[in-house]
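# Observations on chain architecture
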Number of protein chains: 2
Amino acid sequence: MTQSAARATIADVARRAGVSKATVSRFLNHRETLLSSEIAQRVEVAISELGYTPSPMAQALKRGRSRLIGLVLADITNPYSVAVLRGAEMACRAAGYLVMLFNLGNEIERESAGIRALSSYRVEGYILNTMGHDPGAVMETARQGKPVVLVDRLHAGLDVDFVSLDNRQAIDLCATHLIEAGYGELLLATEPLGTVSSRIERVQEFQAFLATGAAGRTRGQYFESAAGDDAALDAALRSLSTRARKGGRLPAVISSNAVVTLRVVAAMARLGWRLGEDIGLVGIDETEWAPYVGPGISTVSQPTGELGRWAAQCLIERLDGGAAAPRRILLPGTLNVRGSSRPAAAGKHS
Amino acid sequence: MTQSAARATIADVARRAGVSKATVSRFLNHRETLLSSEIAQRVEVAISELGYTPSPMAQALKRGRSRLIGLVLADITNPYSVAVLRGAEMACRAAGYLVMLFNLGNEIERESAGIRALSSYRVEGYILNTMGHDPGAVMETARQGKPVVLVDRLHAGLDVDFVSLDNRQAIDLCATHLIEAGYGELLLATEPLGTVSSRIERVQEFQAFLATGAAGRTRGQYFESAAGDDAALDAALRSLSTRARKGGRLPAVISSNAVVTLRVVAAMARLGWRLGEDIGLVGIDETEWAPYVGPGISTVSQPTGELGRWAAQCLIERLDGGAAAPRRILLPGTLNVRGSSRPAAAGKHS
DNA sequence: TTGTATGCGTTATCAA
DNA sequence: TTGATAACGCATACAA
């Protein structure tokens, strides 16, 4: 325990125990098969006396496998991503893997840099939650022959395991709840679609829902809300309200994720509208603040921890040799009803 | 570029360029000193043709230094921590270091595990934002002779660089603002003090402020709010209100961080009080939702990115040989005034 | 059952 | 200026 600055190596242990390095290594890796007599004892005490821990770097170099799993996050600032990270981390830890994180910080051009960095550390597989803007980068992972699992966002041309919220179920949940609550003119507000599969899918499922009998005479549109453009959002909201009034319906917004939910909330302040009364709102993504903004914001919680856990699970199974066809794992969301989707006295909006 | 599964090694490059491994290594590391003639050319093209990248693991093994910096976070779920992480990451990247993250997930008993894991990867220094509950673990870093910088939380007996919000300035900012806004009976609500230096410091600075002339006839107390115990918080708030009424003052809360701010907000809902009117509130830690909860919540923003940047900076300077005495870097917060600290019509609370 | 020798991908020391 | 070679810490094939 009382050790000088440098970490003990396997040679130190061997010397101290009066055995060879190979024996120490065997004690560490093949304890059961090549059992030693009382030499194991000596090695064991030497190890604990020296506080010896094998160097994962040297092990990786020798074995060709690192017990590292690479996790690429588009934006660690996003609570969704962090929650997924936690789930994945726990599953990996349980399986003896360490998660090596690479945060893109929303700089899509770093996508390949991230994968290269992880690759240089010989990670054994990748969990990707990126923009998918740099197909070359992601293809590189496939080329390496290392397993990949995508979270939340599909990549064109990459046929691998995929773990995500069941967007159809989530959209259905939002829409039917809103309709049952009395709202009849819907707007799906989303971040700009771009190539992000989850955004696109939510819009498509929304449109599919509207085309269904379940929608009744409900009408709906969608709107892409860009980061700085408050005016466009306000206009879309006003237009929604106008359509609703003309049709004798109550207007409501489904926001496609927490970022957009916050934008809609901000718009309420600008427009002087009250959630639930002047307009309905249910947002995908539960947040800690949802219960306390306005009358409380109705949300659909994603099973974020589970998503991360599943992602890790998929990867680890493939690492263990499971070679089935790519899986698609879609987990359901759960609805949290709050004031933002309770029309107070039936449409008293101006 | 067109490569088989395995990554190219320095030997591949050497073979391709028709030189020795040593030459390739020199090209990579000592380009200026031992300049080669047109051999450099050959090496250069071979490298790019093969898409060769040195293995950081092998480099670390040989050099004894990893260009890795270990970052231990108490809870990555906390936006404060993530913001610090981002700042630190950017500074490290600029200096050619990679951040290796270890998240404690608030499990304090993992503190030593985290440091050991990082240590096994031969990180060259540590940025620590932990509970400090496991002194042994942290001492271990010191024993290793590797530089350490503490963020937000001091550790007893560990005399190293420290980067943090200027708690005195922040508390003064909150208190004087509240007083100027007309509030005279203050309550500092904090998470249980335990051994967390930042919490303790904020309480002490609060008490110091009250003892000062600046406080005038203002009175104040502090309250430790435990995670599940809503009743205690409600009681503390009611008692605050009672004291205020008796003294003919307006009551206000300073919440010590974002977690507590949210608890106070939740209490408002339970008690049926309105922020700003029935009670004032200013919280340390800016959040994305602060503008939209109730009348908007006044906050003090921490310069989180800067904190992270400074932490990395300190570490890197020591890594480069700077051996001065431990530094204390205290950065000021900035006040964001919103509705929660604007008494509407002078104390119309019951 | 244990020890010796070799190699993983690098860098650094020495000769050439 | 360049090329063998040893060594970093470890795991394993082989020999003892």
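Residues numbered from 1 in each chain as written. Chains lettered and ligands numbered in written order. Predicted model: local features only at pLDDT ≥ 70, side-chain atom pairs only at ≥ 80, totals over all residues. Heavy atoms only, no water.

## As for the overall build of chain A
The line we're drawing: Think of it this way: any DSSP run of H or I at least four residues long counts as a helix, any run of E at least two long counts as a strand, and we number them from the N terminus. Values of the radius of gyration come from C-alpha atoms, whereas the globule rule sets the reference at 2.2 Å times the count of residues to the power 0.38. Buried, partly exposed and exposed residues are distinguished by accessible area as a fraction of the type maximum, computed with a 1.4 Å probe on protein chains only: under 20%, between the cut-offs, and over 50%, respectively. Should any heavy atoms of two residues lie within 4.5 Å, those residues are counted as being in contact. Positive charges come from Lys and Arg alone, negative charges from Asp and Glu alone, with His and the N- and C-terminal ends not counted. For the purpose of locating charges, the reference atoms are NZ of Lys, CZ of Arg, CG of Asp and CD of Glu.
Counting its regular elements, chain A contains 12 helices and 12 strands. Computed over C-alpha atoms, the radius of gyration of chain A comes to 26 Å, more than 25% over the 20 Å expected from 2.2 N^0.38 for 350 residues, which places it beyond the range of a compact globule. The principal-axis extents of the C-alpha atoms in chain A amount to approximately 90 × 40 × 35 Å. Counting the 350 residues in chain A, one finds 53% classified as buried. Sequence separation of at least 24 residues holds for 70% of the intrachain contacts in chain A that already meet a minimum separation of 6. Across chain A, the 39 positively charged side chains and the 35 negatively charged ones have centroids separated by 2 Å.

## Describing the pairing of strand β1 (residues 68–73) of chain A
Remark: a regular strand shows side chains that alternate across the two faces of the sheet. Residues and elements named next belong to chain A. Note the cut-off: Seen with the strands pointing away from the viewer, any crossover whose path from the first strand over the helix to the second strand runs clockwise is right-handed.
The buried count for β1 comes to 6 of 6 residues, which makes it a mostly enclosed element. Covered by surrounding structure in β1 are L68, G70 and V72 together with I69, L71 and L73, the residues of both alternating faces. Remark: the β1/helix α5 (residues 79–94)/strand β2 (residues 98–103) crossover connection has right-handed handedness.

## Focus: the domain arrangement of chain A
The condition is simple: For the purposes of this description, domain bounds are those given by an automatic or database domain assignment.
As far as domains go, chain A holds domain 1 (10–54), domain 2 (68–164 + 305–331) and domain 3 (167–303 + 334–341). One C-alpha centre belongs to domain 1 of chain A, the other to domain 3 of chain A; they are set 62 Å apart.

## Details of the interface of chain A and chain B
Spelled out, the test is: Here the buried area means the combined drop in accessible surface, using a 1.4 Å probe, for two parts upon being joined, counting both sides. Pairing of N or O atoms within 3.5 Å defines a polar contact, subject to two protein rules: one partner must be a possible hydrogen donor and the other a possible acceptor, and residues neighboring in sequence count only if both atoms are side-chain atoms. Ten residue types, Ala, Val, Leu, Ile, Met, Phe, Trp, Tyr, Cys and Pro, are classed as nonpolar, four, Asp, Glu, Lys and Arg, as charged, and the remainder, Gly among them, as polar.
The interface is formed by 44 residues belonging to chain A together with 43 residues belonging to chain B. A combined buried area of about 4,100 Å² lies between chain A and chain B, and 61% of that area is made up of carbon and sulfur atoms. Inspection of the chain A/chain B interface yields 4 residue pairs in polar contact (both at pLDDT 80 or more). Taken together, the elements giving at least two residues each to the side of chain A that touches chain B come down to α4 (56–63), α5, β2, α6 (111–120) and α11 (258–271) of chain A. Broken down by class, the residue content of the side of chain A that touches chain B amounts to 22 nonpolar, 11 polar and 11 charged.

## Some details on the relation of the copies chain A and chain B
Relating one copy of the chain to the other takes a rotation about an axis and a shift parallel to that axis. Formally: Least-squares superposition aligns the copies on the C-alpha atoms of those residues with pLDDT at or above 70 in both.
Laying chain A over chain B is done by rotating through 180° and shifting 0.0 Å along the axis; what remains is an RMSD of 0.1 Å. The operation mapping one copy onto its partner corresponds to a two-fold rotation axis. By C-alpha distance to the rotation axis, the residue of chain A lying nearest is V293(A), at 2.3 Å. Comparing interface residues between copies, 98% of those in chain A also sit at the interface in chain B, which points to an isologous, same-surface contact.

## Overview of the packing of aromatic side chains
The test is simple: Two rings from Phe, Tyr or Trp (for Trp, the six-membered ring) form a pair when their centres sit within 6.5 Å of each other. Planes less than 30 degrees apart are called stacked, planes more than 60 degrees apart edge-to-face, and all others tilted. We call a charge positioned over a ring when the NZ of a Lys or the CZ of an Arg lies within 6 Å of the ring centre and within 35 degrees of the ring normal.
Under the defined criterion, the tally for this structure stands at 0 aromatic pairs over all chains. Just above the ring of Y97(A) sits the side chain of R67(A); from NZ or CZ to the centre is 4.2 Å.

## Some details on the packing of helix α5 (residues 79–94) of chain B against helix α12 (residues 304–319) of chain B
Residue and element names in this part refer to chain B. Here is the rule: Working convention: axes come from line fits to C-alpha atoms, limited for helices to the stretch in contact. Angles between N-to-C directions cover 0 to 180 degrees. Angles are sorted into four bins: roughly parallel if under 35 degrees, roughly antiparallel if over 145, roughly perpendicular if 65 to 115, and oblique for all others. Put simply, a crossing is left-handed when the front helix is turned counterclockwise from the back one by less than a right angle, and right-handed when it is turned clockwise.
Where α5 contacts α12, the two axes come as close as 7 Å, and the packing angle between them is 45°. Looking at the two axes, α5 sits oblique to α12. The two elements α5 and α12 meet at a crossing, and its hand is right-handed. Note on element contacts: α12 touches α5 through T304, G305, L307, G308, R309, A312 and I316, opposite Y80, A83, V84, G87, A88, M90, A91 and C92. Split into classes, the residues belonging to the contact of α5 with α12 amount to 10 nonpolar, 4 polar and 1 charged.

## Points about the UniProt feature "DNA-binding region" (unreviewed entry) in chain A
Note the following rule: UniProt positions are given in the numbering used here, feature names are shortened, and annotations may be inferred rather than shown by experiment.
Here the UniProt-annotated "DNA-binding region" (unreviewed entry) positions come out as residues 9–28 of chain A. Spanning residues 9–28 of chain A, this segment combines 80% helix with 0% strand, and its end C-alpha atoms are found 13 Å apart.

## Comments concerning the pairing of strand β9 (residues 280–284) of chain B
All names here are of chain B. Our working definition: Should DSSP find at least two bridges between two strands, the strands are taken to pair.
Burial of β9 is extensive: 5 of the 5 residues sit out of reach of the surface. Residues of β9 alternate between two faces, with G280, V282 and I284 on one and L281 and G283 on the opposite face, all of them buried. Note: strand β8 (residues 251–255) against β9, 4 bridges, orientation parallel. Bridge pairing links A252 to G280 in β9. Regarding the hand of the β-α-β motif, the stretch spanning β8, helix α11 (residues 258–271) and β9 is right-handed.

## Remarks on the pattern of salt bridges
The criterion, for reference: A pair is scored as a salt bridge if a Lys or Arg side-chain nitrogen falls within 4 Å of a carboxyl oxygen belonging to Asp or Glu.
Evaluated as defined, the whole model comprises 38 salt bridges over all chains. Where R270(A) meets D234(A), a salt bridge forms, and the shortest distance between an N and an O atom there is 2.8 Å. Residue R270(A) is located in helix α11, and its partner D234(A) is located in helix α10 (residues 230–247); the two are separated by 36 residues in the primary sequence. Its salt-bridge partner being R327(B), residue E317(B) comes within 2.7 Å of it at the nearest N-O pair. Of the two residues, E317(B) sits in helix α12 while R327(B) sits in the loop between α12 and β11 (328–331), which places them 10 residues apart along the sequence.

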